[in-house]
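Letter by letter, the chains look like this.
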Amino acid sequence: MIIGACGQIGVELTLALRNLYGNHNVIATDIREEHPLLKDTGPYLVLNATDAVTTHRIVKKEGITQIYLLAALLSATAEHTPKRAWHINTQCLLQTLELGVQEKLNKIFWPSSIAVFGPSTPRDNTPQQTIIEPHTVYGISKYASELWCQYCHQRWGLDVRSLRYPGLISWKSEPGGGTTDYAVEIYHEALKNNHYSCFLSEQTYLPMMYMDDAIRGTIELMESPAEKIKTRMAYNLAAMSFSPKEIAIAIQKHYPGFTIDYKPDFRQEIADGWPASIDDTAARNDWGWKHEFDIDKMTADMFLHLNNKYKEHLVVM
């Protein structure tokens, strides 16, 4: 069962899990209307992620053995409604963990984020275990939740697994309110307008990952034998780090006329408190994580798919 299946991660993870386990063995849920890419691929239910009673009823009725909890308010959106973000981001997890213990679920996946790190964290090659003092409500909620995951594993043996995702880039889903979403928006704007106004400065380096790698890494983590999972908080996960200037250069290799300017807003302060690069040695050693996409390979694949999406709206290059 996937909670939050229509979000940026959820759509592609749902499709990948249905391909792995069979369409009718993966129940997708979200509070909103079913995403077009999920239609006719398997069962879909409208569900408020904070509704513990209905969630429990679905788990019992459908014989659910694994839950992927993806529902959350992301970093930039959460800063506008901190209390609501804290409630949604923590309450959904706490009730899912409780459900996991009560129903003896086989596994639970819950995503953390590089947002758990803060200004006092080493910015370069941020290690798995380090100073963690987040300065956003999103990061605070993620770090507190990591500790809850660890606690439930230690106390009740609950097999809950997690990844600290970097910024994720995908052609299938629209940006969802995150600080790293510029790296999704920039491709759309390149095709629609041949120009992008970036809300971060040109030299803001952040860890990033193509969604194909993120989905594969998630499934590899969940498919790994329990004895290989050495941390029950969340694994650092990394692929590449780049700045807005560098992604613009990668885009210009395909569209030389593309231009970019920089108008940093409140999200700049958030980004400045996050790592520039991540050390994910633990994930690579424990369960064999290895990324496949770099910035050039990702850019080529993004345009391969987005060109079809925007073929009727392409600007003259």
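Residues numbered from 1 in each chain as written. Predicted model: local features only at pLDDT ≥ 70, side-chain atom pairs only at ≥ 80, totals over all residues. Heavy atoms only, no water.

*Asks:* With reference to specific residues and values, describe the nonpolar core.
*Replies:* Note on soluble globular proteins: their nonpolar side chains tend to be buried together. I67, I169, Y182, Y187, F242, W287 and M298 are the most contacted members of the largest nonpolar core, which totals 99 residues. For this core, the element with the highest residue contribution is helix α6 (residues 182–193), accounting for seven residues. When near neighbours in sequence (up to four residues on either side) are disregarded, Y187 contacts I169, I247, I251, M298, T299, M302, F303 and L306. (Core = buried A, V, L, I, M, F, W, Y, C linked by side-chain atoms within 4.5 Å. Buried < 20%, exposed > 50% of the residue type's maximum accessible area, 1.4 Å probe, protein only. Helix = DSSP H or I, 4+ residues; strand = E, 2+ residues; numbered from the N terminus. Contact = heavy atoms within 4.5 Å.)

*Asks:* Now, about the sheet that holds strand β11 (residues 206–210): what can you tell me, with residues and values included?
*Replies:* The sheet built from three strands is open, its strands ordered β9-β11-β13 with mixed pairing. Two strands bound the open sheet, and with one partner strand each, they are β9 (167–169) and β13 (240–242). Adjacent strand axes in the sheet meet at a mean angle of 45°, parallel and antiparallel pairs treated alike. Contacts between α6 and the sheet are confined to β9, β11 and β13, with β9 contributing the most and set at about 25° to the helix. (Pairing = 2+ DSSP bridges. Axes fitted to C-alpha atoms, helices over the stretch in contact; angles between N-to-C directions.)

*Asks:* Report on helix α7 (residues 211–223), specifying residues and quantitative values.
*Replies:* Its 13 residues place the ends of α7 18 Å apart at the C-alpha level, agreeing with the 18 Å of an ideal helix rising 1.5 Å per residue. Burial in α7 covers these residues: M211, D213, A214, I215, G217, T218, I219, L221 and M222. (Expected span 1.5 Å × (residues − 1).)

*Asks:* Quick one: what's the story with the packing of helix α1 (residues 8–21) against α7, residue by residue and with numbers?
*Replies:* Where α1 meets α7, the axes come as close as 10 Å, and the angle between the chain directions of the two elements is 55°. Relative to α7, the element α1 is oriented oblique. Viewed along their axes, α1 and α7 form a crossing whose handedness is right-handed. Two secondary-structure elements touch here, α1 through Q8, I9, E12, L13, A16, L17, L20 and Y21 and α7 through M211, D212, I215, T218, I219 and E223. Among the residues forming the contact of α1 with α7, the class breakdown is nine nonpolar, two polar and three charged. (Parallel < 35°, antiparallel > 145°, perpendicular 65-115°, else oblique. Left-handed = near helix turned anticlockwise from the far one by under 90°. Nonpolar A, V, L, I, M, F, W, Y, C, P; charged D, E, K, R; others polar.)

*Asks:* Just give me the short version of the sheet that holds strand β8 (residues 163–165), but keep the residues and values in it.
*Replies:* Overall, parallel pairing links the three strands, which are arranged β6-β8-β12 in an open sheet. This sheet does not close on itself; its edge strands, each paired only once, are β6 (112–113) and β12 (235–236). In the sheet, β8 pairs with β12 via two bridges, with the strands oriented parallel. Its bridge partner being in β12, R164 is matched across the sheet by N236.

*Asks:* Could you give an account of the pattern of salt bridges, with specific residues and numbers?
*Replies:* Taken as a whole and judged by the stated rule, the model has 12 salt bridges. Here D159 ties to R161 by a salt bridge, and the two come within 2.9 Å at their closest N and O atoms. Between D159 and R232 there is a salt bridge, and its shortest N-O distance comes to 2.6 Å. Note that D159 is positioned in the loop between α5 (137–156) and β7 (160–161) and R232 in the loop between α7 and β12, a separation of 73 residues in sequence. Overall, the relative accessible area of 12% leaves D159 in the buried class. One salt-bridge network, in which partners are shared between bridges, spans D213, R216, E220 and E292. (Salt bridge = Lys/Arg side-chain N within 4 Å of Asp/Glu carboxyl O.)

*Asks:* How would you summarise the packing of aromatic side chains if you had to cite specific residues and measurements?
*Replies:* Enumeration over the complete set of coordinates arrives at 10 aromatic pairs. Ring centres 5.5 Å apart and planes at 75° place the aromatic pair Y187 and F303 in the edge-to-face group. Taken as a pair, Y187 in helix α6 and F303 in helix α11 (residues 295–309) lie far apart in primary sequence, 116 residues in all. Of the residues examined, F303 reaches a relative accessible area of 3% and is grouped as buried. When the ring of W287 is compared with that of W289, the centres are 6.4 Å apart and the planes differ by 45°; the resulting orientation is tilted. Both residues of the pair, W287 and W289, belong to the buried class. The ring of F199 carries R267 above its face, with NZ or CZ at 3.5 Å from the centroid. Seen from the ring of F293, K297 lies directly overhead, with NZ or CZ sitting 4.8 Å from the centre. (Phe/Tyr/Trp six-rings, centres within 6.5 Å; stacked < 30°, edge-to-face > 60°. Lys NZ or Arg CZ within 6 Å of the ring centre and 35° of its normal.)

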